[in-house]
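# A closer look at the structure
Below, each chain spelled out in residue letters.
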Amino acid sequence: MFDTRPNCEAEVVLVGRSNVGKSTLMRELTGHSFDTGKKPGVTRSPNHYDWSAEDFVLTDLPGFGFMSGVEGDRQEDIKTGIVHYLEDNAEKILVAILVVDGKSVIDIIDRHSDGEEIPYDVEMFHFLRELDIPTVVAVNKMDKVDDRDERLNELCDRLGILPPWKQWQETIAPITAKRGQLSALNEAVRTHLHDQQRDDLFKFF
Ligand SMILES: Nc1nc2c(ncn2[C@@H]2O[C@H](COP(=O)(O)OP(=O)(O)OP(=O)(O)O)[C@@H](O)[C@H]2O)c(=O)[nH]1
Ligand SMILES: [Mg+2]
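Residues numbered from 1 in each chain as written. Chains lettered and ligands numbered in written order. Predicted model: local features only at pLDDT ≥ 70, side-chain atom pairs only at ≥ 80, totals over all residues.

## Digging into the site of ligand 1
We count it as follows: As a rule, any residue with its backbone-derived C-beta atom within 6 Å of a molecule or strand is reported as near that molecule or strand. A run of DSSP states H or I qualifies as a helix once it reaches four residues; a run of E qualifies as a strand once it reaches two. Both are numbered from the N-terminal end.
Close contacts around ligand 1 come from 23 residues, with Gly 21, Ser 23, Thr 36, Thr 43 and Gly 63 the closest. Counting residues per element, the shell around ligand 1 draws most heavily on helix α1 (residues 22-30), which supplies 3 residues.

Below you can see the structure in the form of structure tokens.
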């Protein structure tokens, strides 16, 4: 299921819970349409889009967390598959885009923090850091958020980085993928590509 990766030296991945808008973002970045949907669990195996001339692949990973119509065991298998995919390809992944739903992310994180478990989004953010993969949190669906600065500051707090969010422009990128409003994300990704001497890939962001 996770062994479909084209053999490219450079990669950018989209990762995040189900239904946050990863495939919508993938469509906006590639100009190619991918299955999207109102229910979580649409993408069940990675979508890859590669440009062989540049040896570059953009990957939309399946969502983790609740997926409608998918058994609990299988949800765990998908999560394990994502973790292994990131570990196996960490050297080649130039940037990870962790997509979250700006409208619900704080509530979801807080709902999951009362028990022992670390919430998925927070766990994934730290996991990517452990793997040394430069990470941008794309805070999607900002069209549905009215208290923008407050939300983004709260998100920093939950991720363990110091608010205000505006000092983290290379890490926190508010977007509305559905309308193609991606400038904050493109800027952030470019910063990380530049740090890795990959300005040649700017044309994709
Ligand atoms: N309001 C709003 N809705 C959005 C935005 N981006 C995506 N959506 C909607 O969110 C829903 C889920 O989008 P997908 O792109 O399928 O989400 P996904 O993360 O790929 O979901 P899985 O494949 O299930 O993991 C769809 O109904 C999209 O139209 C946005 O910027 N604003
Ligand atoms: Mg999807």
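## As for the nonpolar core
Put simply, the test is: To count as a nonpolar core, a set of buried Ala, Val, Leu, Ile, Met, Phe, Trp, Tyr and Cys residues must be joined through C-beta atoms within 7 Å. Three exposure classes are used. Buried residues have 20 or more other C-beta atoms within 10 Å of their own C-beta, exposed residues have 12 or fewer, and partly exposed residues fall in between, all C-beta atoms being placed from the backbone. Any two residues are considered in contact once their C-beta atoms, placed from the backbone, lie within 7 Å.
Grouped together as the largest cluster of nonpolar side chains are 52 residues, with contacts concentrated most on Ile 97, Leu 98, Ala 138 and Val 139. Top element by residues in this core is strand β4 (residues 93-101). It accounts for 8 residues. Sequence-distant contacts of Ile 97, defined by excluding residues within four places in its chain, comprise Val 12, Val 13, Leu 14, Val 136, Ala 138 and Leu 185.

## With respect to the sheet that holds strand β1 (residues 10-16)
Heads up, the rule is: Only strands that DSSP links by at least two bridges are regarded as paired with each other. All axes are obtained by fitting lines to C-alpha atoms, using only the stretch in contact for helices, and the reported angles, taken between N-to-C directions, cover 0 to 180 degrees.
Read from one edge of the open sheet, 6 strands run β2-β3-β1-β4-β5-β6, paired in mixed fashion. Since the sheet does not close on itself, it has two edges, and those belong to β2 (47-51) and β6 (172-174), each with one partner. Put simply, the sheet's adjacent strands are angled 20° from each other on average, direction ignored. Inspection of the sheet shows strand β5 (residues 135-140) paired to β6 by 3 bridges, in the parallel sense. Directly across from Val 139, in β6, lies its bridge partner Pro 174. Along the sheet face, α1 touches β1, β2, β3 (56-60), β4 and β5 and points at about 150° away from the line of β3.

## Observations concerning the pairing of β1
The buried fraction of β1 amounts to 7 of the 7 residues, a majority that puts the element mostly inside the structure. Both faces of β1 are covered, namely the face carrying Ala 10, Val 12, Leu 14 and Gly 16 and the face carrying Glu 11, Val 13 and Val 15. Relative to β4, β1 runs parallel, the two being bridged by 6 bridges. Each residue of the ladder has a partner; that of Val 15, found in β4, is Leu 98.

## Let's talk about the pairing of β5
Within a regular strand, the side chains alternate between the two sheet faces. In plain terms, the rule: The handedness rule is simple: strands pointing away from the viewer, and a clockwise path from the first strand over the helix to the second, make the crossover right-handed.
Buried residues dominate β5, accounting for 6 of its 6 residues. Where burial is concerned, the two faces of β5 agree: the one with Thr 135, Val 137 and Val 139 and the one with Val 136, Ala 138 and Asn 140 are both buried. For β4 and β5, the ladder comprises 6 bridges, and the chain directions are parallel. Looking at the pairing, Asp 101 lines up with Asn 140 of β5. Considered for its hand, the β-α-β crossover made up of β5, helix α5 (residues 148-159) and β6 is right-handed.

## Quick notes on the confidence of the model for the protein chain
Test applied: In predicted models, pLDDT denotes the confidence assigned by the predictor to each residue on a 0 to 100 scale.
On average, residues of the protein chain score 92 in pLDDT, and 97% of them are at 70 or above. Scored by ipTM, the complex comes to 0.99, with pTM at 0.95.

## Re the environment of Val 20
Along the chain, Val 20 falls in the loop between β1 and α1. On the basis of neighbour count, Val 20 is assigned to the buried category, with 29 C-beta atoms found within 10 Å. Distance from Val 20 to Gly 63, taken between C-alpha atoms, is 8.2 Å for residues 43 residues apart in sequence. Excluding anything up to four places from it in sequence, Val 20 contacts Gly 63, Val 99, Val 100, Asp 101 and Asn 140.

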